[in-house]
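Secondary and tertiary structure notes
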There are 2 protein chains.
Amino acid sequence: MAGVPVPVPLDRDAVCELDAADPLAGVRERFVLPLDLIYLDGNSLGALPAAVPAHLYDVVHREWGKDLIRSWNSNGWWEAPLRVGAKLAPIIGAHSNEVVVCDSTSVNIFKLAIAGMRLRPDRRVILAEGGTFPTDHYMLASVAELLGVELRIVPTADLYAAITDEVALVSLTNVDYRTGAIHNLEAVTQLAHDVGAVILWDLAHSAGVLPMNLHDAGADLAVGCGYKFLNGGPGAPAFCYVHEALQDQISQPLPGWLGHVRPFDFEPSFDVAPGMARLLTGTSPILSLLALDAALDAFGDVSMQQVREKSMALTELTLRLVDERVGDSGFGVVSPLDPQLRGSQVSLSHPHAFAITQALIARGVIGDFRTPDILRLGFAPMYVRYVDVWDAVTELDEVMQTKEYLLDRHQARATVT
Amino acid sequence: MAGVPVPVPLDRDAVCELDAADPLAGVRERFVLPLDLIYLDGNSLGALPAAVPAHLYDVVHREWGKDLIRSWNSNGWWEAPLRVGAKLAPIIGAHSNEVVVCDSTSVNIFKLAIAGMRLRPDRRVILAEGGTFPTDHYMLASVAELLGVELRIVPTADLYAAITDEVALVSLTNVDYRTGAIHNLEAVTQLAHDVGAVILWDLAHSAGVLPMNLHDAGADLAVGCGYKFLNGGPGAPAFCYVHEALQDQISQPLPGWLGHVRPFDFEPSFDVAPGMARLLTGTSPILSLLALDAALDAFGDVSMQQVREKSMALTELTLRLVDERVGDSGFGVVSPLDPQLRGSQVSLSHPHAFAITQALIARGVIGDFRTPDILRLGFAPMYVRYVDVWDAVTELDEVMQTKEYLLDRHQARATVT
């Protein structure tokens, strides 16, 4: 287990010892967690940071209710997209002037994919990886249609070789939502730059859990999600990153008044704002944005390196316990076995994965199912304990022993799960 | 004054009588309003509806904090964009299956402008009116560039004559943000249809204050704002309307996974959802969306016809009192004098409009300034009283008598106001 000594024999008390020695143990108190749950879905919706409710109370009652329209100036609403972006920047290894928070990840992919293509007007190929999160592909297909260029989607095995000097833009997800496999951000950025291509990273499953150095790696463009490992709340606004060396060349397709250099002059022609403000489109959803603002305070003094070490230890422990305790129940391991290549999740395949996920949820172990046959367990190291892994695998063991997943109520597929 | 008998002589007591007789007087209790303000900026940011804080408390503590990811199903987060859209629909005269709440007004203009152009692939002109809200023009210019078509912006005086059979899409604002002038929705929709053009209405300054019948008028497409007269909170999500007869033909340029017919099958190719779900892109900002949800309950039993009658009476009273009490102070009336042609605002021009606005704000009368020389006063009939008009004009009279607007502190222009 990466960096963490594994006790032998491995029993629940020994696992509790790991928590006692965990340098991040105290960070868990920064979150509100239901006592009756083991929450292994922070990669889908991060838990509620304890600082958020009081902050939102103030935003609603005082800022909206009493200060009303004046809050745009007096309470800093205008600056919030850039200010929250600057707060987020160190978590992803960006400079404070390289990040803005706005819109959804999907909308931001559209903006930056077109902006990226416009940086290489002489090339006509967008390269993407097959099997990754579908919105990225839908958006890129729309960009390709609008620009009249080719979207080339290749299988993972062929991906790196497909980064050629035909390619204008490489659009790639840092950590795969389904398998948890990591693309090395520095190395693949270099591959793209070696052939003169621009790279756009989707950090949805890595921001807040994987240490990264976007700026020093020379990454051109990136988007990421506010509501997974950043804990910004359901549908929290997403973020855009643009390397400062490129910002003045960026032309994005959704230019709104807030991206204008003088928004309150209401000028008929668009005169783009300097820096990251040019990525702004319309008015930000302030309540959701300021929930993310308060949520990011939980990262304050936290070392991303320690987060990564605990993340690797949690997923290693999970794989070991799954092997030892339910190894004969028909599970396959979909995630990379090398912890260095694995994000903060463990994906297990099983023919009954859907029903097993439902049976676990009924027992208070919240993971999720991903089509066609994957039980996905996510680990947010800031609030998931080693003992949670032990208890989750214990419940999984009981689900497999009792075969309760065969009950009708666990088999029933809702339209949306 | 439209429909409301005007007392003679007109003094403060007489104006209070108008409030006593106001059928909407009780609706004011549905809002939290600071005691020390006269708030005439609900057309910029609607006041806080009293139902919102308790609802948000529950959403944050129980739905996010305790139910966590399960809330997407158990608390109806998935359905919220369409459910809140259906709640909003009667306010704008749409059918419940014709509205979805998502993204910002700006982003939705982009989606529907491209969708509208794709309905008329044989035509190559987008027609818009000069001088309206600049984001609409920036977005339309971007659409025109991406599609390789012409954006034709014409002065208001030439607008109706410019609706010819060259035009694919007429993009028009129902109520002008600066002057308050109304375009007749039914009549101009008919003008567009007479020449085979599609019409896209921006309802930012009319939704929630002007009775309209989008469906019966045959309006094709519309967008609108959640945070002005709908009181959804700062940066509340916007809405899209598409006439049900057109929905199955709509192809929009920001197709996200939530617009897929089977979002949780994570299919590599985009198979569009039926109905308005196809306008969805990424995950909605749930906190902001559910604030709007609760805010719309304030409309419950309110007659939009009564809202309109009070709106016309409030603006008529304002114009009469401005004329009687500060008529010799150099103000011009920018808004249409005919109340039938005027939205729920009064725009006054003055060489010192900026400083006068600041001086009024310092006295607790909140209106806003719009470049180059406009003092804009907005009237939300659900919570603005006739006596507020009297008191606001009294303060304006004092500002003009004292010439306090000439003080340095009122002259200073912030970068953003």
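Relevant structure appears above.
Keep in mind the model is a prediction, meaning the values are calculated, not measured.

1. A closer look at the overall build of chain A
In terms of regular secondary structure, chain A is built from 14 helices and 15 strands. What you see for chain A is a C-alpha radius of gyration of 22 Å, in line with the 22 Å of a compact globule of 417 residues. In terms of principal-axis extent, the alpha carbons of chain A reach across some 70 × 55 × 40 Å. Relative to its full complement of 417 residues, chain A shows a buried share of 66%. Looking at chain A alone, contacts between residues at least 24 apart form 72% of all its contacts between residues at least 6 apart. Here chain A has roughly 14100 Å² of accessible surface; of this, 52% comes from carbon and sulfur atoms. Side-chain charges in chain A split into 30 positive and 51 negative, and the spacing between the mean points of these groups amounts to 4 Å.

2. Re helix α13 (residues 386-402) of chain A
One turn of the α-helix equals 3.6 residues, which is why residues spaced by three or four share an orientation. Here α13 of chain A spans 25 Å end to end across 17 residues, near enough to the 24 Å set by a 1.5 Å rise per residue. Taking burial as the measure, the 17 residues of α13 of chain A include 13 buried ones, the bulk of the element.

3. Focus: the packing of aromatic side chains
With the rule as written, the count across this model stands at 29 aromatic pairs over all chains. With a centroid separation of 5.3 Å and 90° between ring planes, the pair formed by Phe354 of chain A and Phe369 of chain A is classed as edge-to-face. Taken together, the residues span a long stretch of sequence, with Phe354 of chain A in helix α12 (residues 353-362) and Phe369 of chain A in strand β14 (residues 368-370) at a distance of 15 residues. Taken together, the aromatic side chains of Trp72, Trp77, Trp78, Trp257, Phe264 and Phe266 of chain A together with Phe133 and Tyr177 of chain B make up a single cluster linked through ring pairs. For Arg325 of chain A, the ring lying beneath its charged end belongs to Trp390 of chain A, and the centroid distance is 4.4 Å.

4. Let's talk about the relation of the copies chain B and chain A
If you rotate chain B by 180° and push it 0.0 Å along the axis, it lands on chain A with an RMSD of 0.0 Å. What we have between these two chains is a two-fold relation. Mapped onto chain A, 100% of the interface residues of chain B again fall at the interface, so both copies present the same surface.

5. Some thoughts on the side chain of Asp136 of chain A
All names here are of chain A. Counting through the fold element by element, Asp136 comes out in helix α6 (residues 134-147). Nearest to the buried, unbridged Asp136 among oppositely charged side chains is Lys228, at 9.9 Å. Those residues within four positions of Asp136 in sequence are excluded, and the remaining contacts are Ile109, Thr173 and Asp202.

6. Here we look at the sheet that holds strand β10 (residues 239-242) of chain B
All names here are of chain B. Taken together, the 7 strands give an open sheet; going across it, the order is β4-β10-β9-β8-β7-β5-β6, and neighbouring strands pair in mixed fashion. Unpaired on one side and paired on the other, β4 (99-101) and β6 (150-154) mark the two borders of the sheet. When strand polarity is set aside, the average angle formed by the axes of neighbouring strands in this sheet is 20°. Bridge count for β4 against β10 is 3 bridges, and the pairing is antiparallel. Its bridge partner lying in β10, Val101 is registered against Phe239.

7. Comments concerning the interface of chain B and chain A
At the interface, 78 residues of chain B touch 78 residues of chain A. Among the residues chain B hides against chain A, the three largest losses belong to Trp64, Tyr138 and Phe266 of chain B. Together they make up 13% of the total. At the junction of chain B with chain A, the criterion picks out 2 salt bridges. Between Arg118 of chain B and Glu145 of chain A there is a salt bridge, with the nearest N and O atoms lying 3.9 Å from each other. On the surface where chain B and chain A come into contact, there are 13 residue pairs in polar contact (both at pLDDT 80 or more). Elements that contribute at least two residues to the side of chain B that touches chain A include exactly β3 (48-49), α2 (52-67), α3 (71-74), α5 (105-118), α6 (134-147) and α9 (286-296) of chain B. The biggest single contributor to the side of chain B that touches chain A is α6 of chain B, with 9 residues. Taken together, the residues of the side of chain B that touches chain A sort by class into 45 nonpolar, 24 polar and 9 charged.

8. Side note on the sheet that holds strand β5 (residues 125-129) of chain A
Residues and elements named next belong to chain A. Spatial ordering of the open sheet is given by β4-β10-β9-β8-β7-β5-β6, a layout of 7 strands whose pairing is mixed. In the strand order of this sheet, the two ends are held by β4 (99-101) and β6 (150-154), each with one partner. Averaged over all pairs of adjacent strands, the angle between strand axes in this sheet comes to 20°, irrespective of strand direction. Sheet topology places strand β7 (residues 167-173) next to strand β8 (residues 198-202); 5 bridges connect them, and they run parallel. Paired with Leu169 across the strands is Val198, a residue of β8. Relative to strand β9 (residues 221-224), helix α5 (residues 105-118) is tilted by about 175°, and along the sheet it contacts β5, β7, β8, β9 and β10 (239-242). Helix α8 (residues 185-194) contacts β7 and β8 of the sheet and is inclined by roughly 150° relative to β8.

9. Structural notes on the packing of helix α2 (residues 52-67) of chain A against helix α10 (residues 286-296) of chain A
All names here are of chain A. Where α2 meets α10, the closest approach of the two axes is 9 Å, and the angle between their N-to-C directions is 140°. Between α2 and α10, the angle falls in the class oblique. Crossing of α2 against α10: the hand is right-handed. Counting all contacts with α2, which are made through Val52, His55, Leu56, Val59, Val60, Glu63 and Trp64, the residues of α10 involved are Leu287, Leu290, Ala291, Asp293, Ala294 and Ala295. Residue composition of the contact of α2 with α10, by class: 10 nonpolar, 1 polar and 2 charged.

Quick notes on the rules
- Residues numbered from 1 in each chain as written.
- Chains lettered and ligands numbered in written order.
- Predicted model: local features only at pLDDT ≥ 70, side-chain atom pairs only at ≥ 80, totals over all residues.
- Heavy atoms only, no water.
- Helix = DSSP H or I, 4+ residues; strand = E, 2+ residues; numbered from the N terminus.
- Rg over C-alpha atoms; globule rule 2.2 N^0.38 Å.
- Buried < 20%, exposed > 50% of the residue type's maximum accessible area, 1.4 Å probe, protein only.
- Contact = heavy atoms within 4.5 Å.
- Areas by Shrake-Rupley, 256 points an atom, 1.4 Å probe, with all protein chains shown as cover.
- Lys, Arg positive; Asp, Glu negative; His and termini not counted.
- Charge placed at Lys NZ, Arg CZ, Asp CG, Glu CD.
- Expected span 1.5 Å × (residues − 1).
- Phe/Tyr/Trp six-rings, centres within 6.5 Å; stacked < 30°, edge-to-face > 60°.
- Lys NZ or Arg CZ within 6 Å of the ring centre and 35° of its normal.
- Least-squares fit on C-alpha atoms with pLDDT ≥ 70 in both.
- Salt bridge = Lys/Arg side-chain N within 4 Å of Asp/Glu carboxyl O.
- Pairing = 2+ DSSP bridges.
- Axes fitted to C-alpha atoms, helices over the stretch in contact; angles between N-to-C directions.
- Buried area = accessible area lost by both parts, 1.4 Å probe.
- Polar contact = N/O pair within 3.5 Å; in protein donor to acceptor, adjacent residues only side chain to side chain.
- Nonpolar A, V, L, I, M, F, W, Y, C, P; charged D, E, K, R; others polar.
- Parallel < 35°, antiparallel > 145°, perpendicular 65-115°, else oblique.
- Left-handed = near helix turned anticlockwise from the far one by under 90°.

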